[in-house]
Each structure stands twice: as C-alpha cells, then as structure tokens.
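Letter by letter, the chains look like this.
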Amino acid sequence: MHTQRILVTGGAGFVGSHLCDRLLESGAEVLCVDNYYTGSRLNVARNLSNPRFELLRHDVTMPLYVEVDQIYNLACPASPVHYQFDPVQTTKTSVHGAINMLGLAKRVKAKILQASTSEVYGDPTIHPQVESYWGNVNPIGIRSCYDEGKRCAETLFFDYWRQHKLRIKVARIFNTYGPRMHPNDGRVVSNFIVQALKGEDITLYGDGNQTRSFCYVDDLVDGLTRLMNTGDDVTGPINLGNPVEFTMRQLAELVLELTGGKSALVHRPLPSDDPRQRQPDITLAKQHLDWTPTAPLKVGLMKTIEYFDDLLKVA
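On a predicted model such as this, the values are computed, not experimentally measured, just so you know.

A.B. asks: Got a minute to help me understand helix α7 (residues 248–259) in this structure?
C.D. replies: Given 3.6 residues to a turn, an α-helix orients residues that are three or four positions apart in the same direction. With 12 residues, α7 should cover 16 Å at 1.5 Å per step; its first-to-last C-alpha distance of 16 Å lies within 8% of that length. Buried within α7 we find Met248, Leu251, Ala252, Leu254, Val255, Leu256 and Leu258. Here the buried face of α7 lies against α5 (188–198), β8 (202–205), β9 (211–213), β12 (245–247), β13 (265–268) and α9 (297–314). Following α7 by one or two positions, Gly260 adopts a phi angle in the positive range, close to 70°.

A.B. asks: It is not clear to me how the nonpolar core should be interpreted in this structure. Could you clarify?
C.D. replies: The tendency in soluble globular proteins is for nonpolar side chains to be buried side by side. With 60 residues, the main nonpolar core has Tyr72, Val189, Leu224, Leu240, Leu251 and Leu301 as its most contacted residues. Considering every element that reaches this core, the biggest residue donor is α7, with 7 residues. Apart from the residues within four sequence positions on either side, Leu251 is in contact with Val188, Val189, Phe192, Phe214, Leu297 and Leu301. Formed by 26 residues, the second largest nonpolar core is a distinct cluster that contains Leu31, Ala98, Leu104 and Leu156.

A.B. asks: I would appreciate a short explanation of the UniProt feature "domain: NAD-dependent epimerase/dehydratase" (unreviewed entry) in the protein chain in the present structure.
C.D. replies: Under the present numbering, the feature "domain: NAD-dependent epimerase/dehydratase" (unreviewed entry) in UniProt falls on residues 6–241. For residues 6–241, the helix share is 35%, the strand share is 19%, and the end-to-end C-alpha distance is 23 Å.

A.B. asks: Whenever I open this one, α5 confuses me. Can you help?
C.D. replies: Buried residues dominate α5, accounting for 9 of its 11 residues. Three or more residues of α5 are buried, namely Val188, Val189, Ser190, Asn191, Phe192, Ile193, Val194, Gln195 and Ala196. On the buried face of α5, the contacting elements are β7 (176–177), β8, α7 and α9. Gly199 sits one or two positions beyond α5 and adopts a positive phi of about 75°.

A.B. asks: Can you walk me through the pattern of salt bridges in this structure?
C.D. replies: A pair can form between side chains of opposite charge whenever their charged atoms are brought close. Taken as a whole and judged by the stated rule, the model has 12 salt bridges. Asp21 is paired through a salt bridge with Arg180; the nearest N and O atoms lie 2.9 Å apart. Linking Asp21 in helix α1 (residues 14–25) with Arg180 in the loop between β7 and α5, this pair joins segments that are 159 residues apart in sequence. We note that Asp21, like Arg180, is buried. Notably, a salt bridge pairs Lys298 with Glu257, separated by 3.4 Å at the nearest N-O pair. Separated by 41 residues along the polypeptide, Lys298 in helix α9 and Glu257 in helix α7 bring together distant segments of the chain. Classification of Glu257 by relative accessible area gives exposed; the value is 52%. One connected set of salt bridges, linked through shared partners, spans Asp21, Arg46 and Arg180.

A.B. asks: I would appreciate a short explanation of the pairing of strand β2 (residues 29–34) in the present structure.
C.D. replies: Among the 6 residues of β2, 5 are classified as buried, and the element is accordingly described as predominantly covered. Here strand β1 (residues 5–9) runs beside β2; their pairing, made up of 5 bridges, is parallel. Following the sheet pairing, Ile6 is matched in β2 by Val30. As for the winding sense of the linkage, the β-α-β connection from β1 through α1 to β2 is right-handed. Where β2 lies against strand β3 (residues 53–57), 5 bridges are found, and the strand directions are parallel. Note that in β3 the partner of Val33 across the bridge is Leu56.

Conventions we followed
Position labels on residues start from 1 in each chain and follow its written sequence. Confidence filtering applies because this is a predicted model: local features only for residues at pLDDT of at least 70, side-chain atom pairs given and counted only at 80 or more, and all residues used for totals across whole chains, interfaces and linings. Only heavy atoms go into the side-chain values, all of them from the structure, while hydrogens and water stay out. The numbering of helices and of strands both runs from the N terminus, where a helix is a DSSP run of H or I of at least 4 residues and a strand a run of E of at least 2. Under the convention used throughout, the expected extent of a helix is 1.5 Å for every residue step, that is, one less than its residue count. Exposure categories follow from relative accessible area, calculated using a 1.4 Å probe and restricted to protein chains: below 20% of the type maximum is buried, above 50% is exposed, and the middle band is partly exposed. Any two residues having at least one pair of non-hydrogen atoms within 4.5 Å are treated as being in contact. Side-chain atoms within 4.5 Å are what join buried Ala, Val, Leu, Ile, Met, Phe, Trp, Tyr and Cys residues into a set we call a nonpolar core. UniProt positions are given in the numbering used here, feature names are shortened, and annotations may be inferred rather than shown by experiment. Here a salt bridge means any side-chain nitrogen of Lys or Arg lying within 4 Å of a carboxyl oxygen belonging to Asp or Glu. A strand pair is defined by DSSP finding two or more bridges across the two strands. By definition, the crossover connecting two strands over a helix is right-handed if that path, from the first strand to the second, turns clockwise as seen with the strands pointing away from the viewer.

This is how it looks when you write it as structure tokens:
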C-alpha cells in the first residue's frame, strides 16, 4: 500500500510543527520545509530521528522540485510583529510562494491546501464572518502585506482550480494558540501569558472590548487534515476557528487567574487597522468536515502557560 508523501511548507513553525506531528502519527512520510524566519528546528527536533521525516531549509519564494502526493502550504509569518518587519517579503511569500507550490502541485498532480486567514475579512462589517463575505480590507495599510497577500493567494488557488483542474483546498484560519507559539510574536495570547509570568503590566490595546475567538492548535490541525482528506468537490474556502467569542479584557483576566499573576492591566492606543470583532461561522466546517473545536479555552491556556513557563525558565 502506497505511503502518502506529504510536503508541509512552514513546517517548523507553530502550526506547521504540530501538523507534522499529526501526519507522522498517521503513518505518512513528511517533508518539512522552512526558512526559519519565524520557525525553529527545536519545534520539530522530536521528529529528526524518524525515518519518515525529512527537514529541508528552503524559502518558498524559490521553486522547489520534489515528488509528493499532498502539499500543505503554511509558509508565511502570521503575526503583525513579524509580517510587518519586512512587508515586501511577506507579500512575496504569500504570492510567489503560492505560485511555486501551485506549480509543483500541477507538475506532480498533488492535492494542495492553502492556509489562508481570517484576515481576508479585514475589519468585518458582518458578524460572525461567513465564507461568502468578501471582506472590508484596507489595501494600502500596514497590515495589507499580509491581508492582501493571503487574498491574492486565494485568487491564485481558485484560478489554478478553474484553469488547470488542480485539486485545491482553502482553509481560513482564525486565531489559534498553543505550545510552540513564538514568545515575541506580538499576538495577544503569547503577549498576555509572557507578561503575566514575568510579572509585567498586561497591555490592552484600545478599551479592551474588541473580541477574538481562540482555537487550540490540536483542534485546528484536526480541521486541516479533515479538509485535506475531503473529496475533490470540496474546495473551500472553509473557516476553521472556535466560534466562542471573548473580549481582550476577559482573556487578560483569565490568564491572570490561571497564572496566579498580579499584573496590572494598562491601556495603549489601538493599532492601525486592528479588527474590532473576529468570530467564525463554522457551519461549512460542520457540514463538510464534521468538525467543531473541542478544547475549552481554560484547558488550552493551561497547556500554553506550562509551555511558556518552561521556556522562560530555560531562558
């Protein structure tokens, strides 16, 4: 029986490394590709001795010539701190990376999944966000390199599907958290946890009433693999995220409760183009993937806090 050969770009990153773990557990051969801009060899160190795992340092803005059955295209910095550091390269990673991976999929007749983002909805004018919503995105703002890069990648995927009959899958990923998050990525979960563990003030932007929906990484990986293994008639885009909504203040207070921290909550101005609300409608995921997140926020946060606590002790 043929063993599935699966390429994961961005495979040494936060989500990518968990995906590699899951694919190896399923018996697949995994080629993990990463340029280590935000990923780390440490995230996949446990797999280096596995004969079905291969790690390759490569930037997806350059063509890649390998033989695989499936491609998960996760390569792209996903936090504002990282994607705004070199915005031109961020756009190149989304657009040139999509072109190169789609070209590879076309050559080897592989099924390919694009890790898109809820940021394609911009600062939404409808709530919760459904896949048919076209979004409210600023094309020239400081977040546009990421938002518009991912939107263009979706365009390319569907053009390859229409023009070349490529087997595509597009997942729109909402806020995800868990172990192996980058401690300095500027995302709200990692920010709050690190600040609480260090006893520093917890930074709330704006009034703290803007909302997010937090999905534990194991649940997300389950959704991604379910989407990849649907029939060719299911292309997406499909929202993957937790529909339970929390304000930033509620999250901060929960982190303080779970860490036993005494940090003060301090307010800072809201960053440019920061969405006020973010909540997925996951009707399509339930319908096509039989998927819904199962990890409660408190349980997932405890595992994430434990990870960051160990990381800070080593540092």
